[in-house]
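Structural characterization, general
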Amino acid sequence: MSQPQLPAIQPDNGVADHFPYREAEAKWQRRWVEDRAFFTEQDGDKPKFYCLEMFPYPSGKLHMGHLRNYAIGDVMARYYRMKGYRVLHPMGYDAFGLPAENAAIKNKVHPADWTFNNIREMGIQQRTLGLSYDWDREVATCHPAYYKWGQWLFLQFWKKGLVYRKEGLLNWCPDCQTVLANEQVVNGLCWRCDSVVTQKFMPQWFIKITDYAEELLADLDKLGEWPNKVVVMQRNWIGRSEGAEIVFRVAGGALKGETIPVFTTRPDTIFGATYMVLAPEHPLVNRLIARSEQEADCRAFIDEVARMEKTARTDDATEKKGVFTGAYAVNPVNGEEVPIWLANYVLVEYGTGAVMAVPTHDQRDFEFAKKYELPLRLVIQPENTEFNSADDMTAAWEGEGVMINSARFDGTPNQEGKKKVTAWMEENGMGKATVNYRLRDWGISRQRYWGMPIPLLHCEKCGVVAVPDDQLPVELPVDVQITGEGSPLVRHEGFKNATCPECGGPARRESDTIDTFWDSSWYFLRYIDARNENTAFDKNKANDWMPVDLYIGGVEHAVLHLLYSRFFTKVVRDLGLVDVDEPFKKLVTQGMVTKDGAKMSKSKGNVVDPGVILDKYGADAARLFILFTSPPERDLEWSDEGVIGSARFVDRVYRLVMRYAHGWKTPAAEGPLSDGARELQRRTHQAIAGVGSDIETRLGLNTAIAKIMELVNEMYRFTAEGDVAASDFPVFQHAVETLLKLLSPMAPHLCEELWAALGREGYLMHEPWPVHDPAMLEADRVKIAVQINGKVRGTVEVAAGASQDDIWQAAAEEPNIARWLEGKEPRKKIFVPGKLLNIVV
């Protein structure tokens, strides 16, 4: 007995044209909070995925760069949850720093009040984006519960011998009234306020990052999922150079015999050194020029160089300037006395701050020697050269050759000579082989209020003493006045006066605060165990979650935060607190959001306010535009038309699903599938395969969305006539539910709303990610182009996998093709399976 034929499912053409995003977004955001929907699972049987976007400074307002960063991370977190992973996706705030002090001065408000108000505002904005953060793990680096453990970690570094104090020539920002790390000076300007940075001698605290220079460099090879440009930037910043340290000595005067170590990568040219150059900031200079005839000229030159940008000083195009000190040094290999000069092209922080000048084999030295008429001596003779002496040279020879005028080493190829000369000097106490790094120790002292207090005390009897663990945190006092002129901690009697824990006598608390990059160098570890009151983080939990699987942020942090975080991780590993070597497995550096071809800025008048966009178009439309318009690693050009297009797509999906939602519980009907249903079935499985592959293998979020859009187009073609046959409806239902699952990580509010409208229980985001059937990816029937003598004359539809003979038979029966074959004998058939048949007649 045949089954009765069920009526077709008819569309409800009375549904609204637009997705009611305001009501829906507010509803789902409220439910997610109430249900703690993004609470981090601790089920160790599931694989883990630690997804992290760089936490923001709480300026009080999100910008489009934030929106892009967070949207990328949220898609990945939601995707891996649906894939069955336990996901850690936290958020917090990098909350110490100068902007809070500047705001306190400008607005007459306490930095803490300004900061915590901004944190509240930004948290509200982040929630309106529908971001799936585990807010139970939120941290703010300015909160004592956080910086207590930052201070504890500092003391572990102290006990390990990685913290020291010395007077050094440091970068000083006169406007911010604070010291800057080398990495915080950009083109000679303060990274915060763009003021010209000067040099100043001050006692400062340093962290021995150079103790880990070799490992930081070697382990770059482990970062196979980092952008190559970031790896190269770190490699260059660490700047490893192999060479020799050669000891010159002052030739006469009060400092006779004083050593001046020189680092060089060219020990093969030592016999050609005809003068020495010291950086104007070299610690020996003041004593060397004191009460000399040249003192006035030297001090005027030192002041002139102090106003120069470091990048300009080392630029090959910058004019080389200098002044003679009146002193001489002895070249240890030949006993010659060479004049000691100060020059603008030598930096105190590279090598030893002293250079043996070989003008015939270094272009900077050559230009300097020519300008000041200093002697030249050729010591590397190139083959097939046009010059035989220094007098013939118009530029320095920096290539290979044979050593000459070099005593016992004459005739030695210079590459071989580097090792031989170094070994000979080492045997005779003149120098030694050494490795030099461009990387300098991390200067962490800041003469500001709004930062983590350094937990050290100064006792006249005991020296520098650590604050005991049970007295942590050393809290910032609240009753201060922020004037912008130095740190109020220096003037705060209640803060600076303390008791020495070793002798019980009076002590002075350290008034410098620590560089804010300290706070951001370990926050990813605190997220793992954010509410632990007994230690910074539990080791077992840290080993479970680390390393971060996906880290997303700007490339501007390549030699700042990223390098410090790598260093910090290696130290806490050596302290026995965690077992990983590197903090971040995969790094994505997202591009900027631009408008009118330029980076958004208030001065250019091209800023787009995310709040306005969210209110006008909704969070899902904004997310889709940000994700679809450009791959994550490239810059994204803002387009009003683009975000309008994304809003239209949201409405299109909403109408498509809502028109047929009423029929979702219709009993399944038996019967053959139509050609359209089979094609939709195939396209659905292709979308599953393509979207998952794009997201997981190459973070191709834009191409993943494109594939979802193609599926939506196919679904509209399928429903173009309105009614859907009862036997085809299960295929359509599967396509709709698949669509919502695929789109859910990008547009979570829309998809949860439609999932509920279909009568489905529970959160869509807790549904498993769909799995494609490989057998469904290929079409049952395909269209083959038929060419006659190379020109397409028609197409034939045949079964997938049809043979050449089958296609030839179908072509001969197709009227439009048959007339081109009439009366002609095929001479040759060229067959491309699945694509075309070319018949030569």
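The preceding data block contains the structure.
Residues numbered from 1 in each chain as written. Predicted model: local features only at pLDDT ≥ 70, side-chain atom pairs only at ≥ 80, totals over all residues. Heavy atoms only, no water.

What to know about the environment of Ala 354
Worth spelling out the cut-off: We count a stretch as a helix when DSSP gives it H or I for four or more residues in a row; a strand needs E for two or more, and each element gets its number in order from the N terminus. Two residues form a contact once any of their heavy atoms are found within 4.5 Å.
Mapped onto the elements of the fold, Ala 354 is located in strand β13 (residues 354-357). With twelve residues separating them in the primary sequence, Ala 354 and Leu 342 have C-alpha atoms 9.3 Å apart. Look past the residues within four positions of Ala 354 in its chain and what remains in contact with it is Ile 260, Pro 261, Val 262, Phe 263, Val 277, Leu 278 and His 282.

Focus: the sheet that holds strand β18 (residues 445-446)
What counts is decided by this rule: A strand pair is defined by DSSP finding two or more bridges across the two strands.
Pairing within the open sheet is antiparallel, and its three strands lie in the order β18-β24-β19. Both outer strands of the open sheet, β18 and β19 (452-453), are each paired with one neighbouring strand and no more. By the bridge criterion, two bridges tie β18 to strand β24 (residues 513-514) in an arrangement that is antiparallel. Within β24, the residue paired with Ser 445 across the bridge is Ile 514.

Points about the pattern of salt bridges
So the rule is basically this: Salt bridges are defined by distance alone: a side-chain nitrogen of Lys or Arg within 4 Å of a carboxyl oxygen of Asp or Glu. A 1.4 Å probe rolled over the protein chains alone gives each residue an accessible area, and that area as a share of the maximum for its type sets the label: buried under 20%, exposed over 50%, partly exposed in between.
Inspection of the entire model under this criterion finds 47 salt bridges. For Arg 287, the salt bridge goes to Glu 258, with nearest N and O atoms at 2.9 Å. In this pair, Arg 287 sits in helix α8 (residues 285-289) while Glu 258 sits in the loop between β8 (240-250) and β9 (259-264), placing the two residues 29 residues apart along the sequence. Here Arg 287 falls in the partly exposed class, since its relative accessible area comes to 45%. Taking the relative accessible area as the measure of exposure, Glu 258 reaches 28% and is therefore partly exposed. Here the residues in one salt-bridge network are Glu 215, Asp 219, Lys 222, Arg 566, Lys 570, Arg 573, Asp 574, Asp 581 and Glu 582, joined through shared partners.

Details of the packing of aromatic side chains
Aromatic ring pairs are defined here through the distance separating the ring centres and the angle between the ring planes. What counts here: Only the six-membered ring of Trp is used, alongside the rings of Phe and Tyr, when aromatic pairs are assigned; centres must lie within 6.5 Å, and planes under 30 degrees apart are stacked while those over 60 apart are edge-to-face, with the rest tilted.
Within the structure shown, the criterion is met by 49 aromatic pairs. Residues Tyr 50 and Trp 545 carry aromatic rings whose centres are separated by 6.4 Å and whose planes lie at 75° to one another, so their mutual orientation is edge-to-face. In this pair, Tyr 50 sits in strand β1 (residues 48-53) while Trp 545 sits in helix α16 (residues 539-545), placing the two residues 495 residues apart along the sequence. The exposure class of Trp 545 is buried, given its relative accessible area of 1%.

Concerning the packing of helix α22 (residues 701-718) against helix α23 (residues 729-743)
The criterion, for reference: Lines fitted to C-alpha atoms define the axes here, with helix axes fitted over just the stretch in contact, and angles between the N-to-C directions of these axes take values from 0 to 180 degrees. When describing relative orientation, an angle under 35 degrees is termed roughly parallel and one over 145 degrees roughly antiparallel, while 65 to 115 degrees is termed roughly perpendicular and anything else oblique. Left-handed describes a crossing whose near helix is turned anticlockwise from the far helix through less than a right angle; right-handed describes the clockwise counterpart.
Where α22 meets α23, the closest approach of the two axes is 11 Å, and the angle between their N-to-C directions is 155°. Put simply, α22 runs roughly antiparallel to α23. For α22 against α23, the interelement crossing comes out left-handed. Each of Ile 708, Leu 711, Val 712, Met 715 and Phe 718 in α22 lies in contact with α23, whose residues at this interface are Phe 732, Ala 735, Val 736, Leu 739, Leu 742 and Leu 743.

A short note on the sheet that holds strand β7 (residues 198-207)
Here we have four strands laid out as an open sheet, ordered β4-β3-β7-β17, and antiparallel in their pairing. In this open sheet, the two strands that pair with only one neighbour each are β4 (178-180) and β17 (442-443). Judged from the two bridges that link them, β7 and β17 form a sheet pairing that is antiparallel. Counted as the bridge partner of Phe 206 is Gly 443 from β17.

Looking at helix α19 (residues 619-628)
The buried fraction of α19 amounts to nine of the ten residues, a majority that puts the element mostly inside the structure. Within α19, the full set of buried residues consists of Ala 619, Asp 620, Ala 621, Ala 622, Arg 623, Leu 624, Phe 625, Ile 626 and Leu 627.

Considerations on the pairing of β8
Summarising the sheet, β8 and strand β16 (residues 431-437) pair through seven bridges and their orientation is antiparallel. In the strand pairing of β16, Gly 243 is matched with Thr 434. Pairing between β8 and β9: six bridges, direction antiparallel. Looking at the pairing, Phe 248 lines up with Ile 260 of β9. Sheet analysis places β8 next to strand β11 (residues 322-330), joined by two bridges and oriented antiparallel. Following the sheet pairing, Arg 249 is matched in β11 by Val 330.

Treat this as a map of the structure, not an account of what it does.
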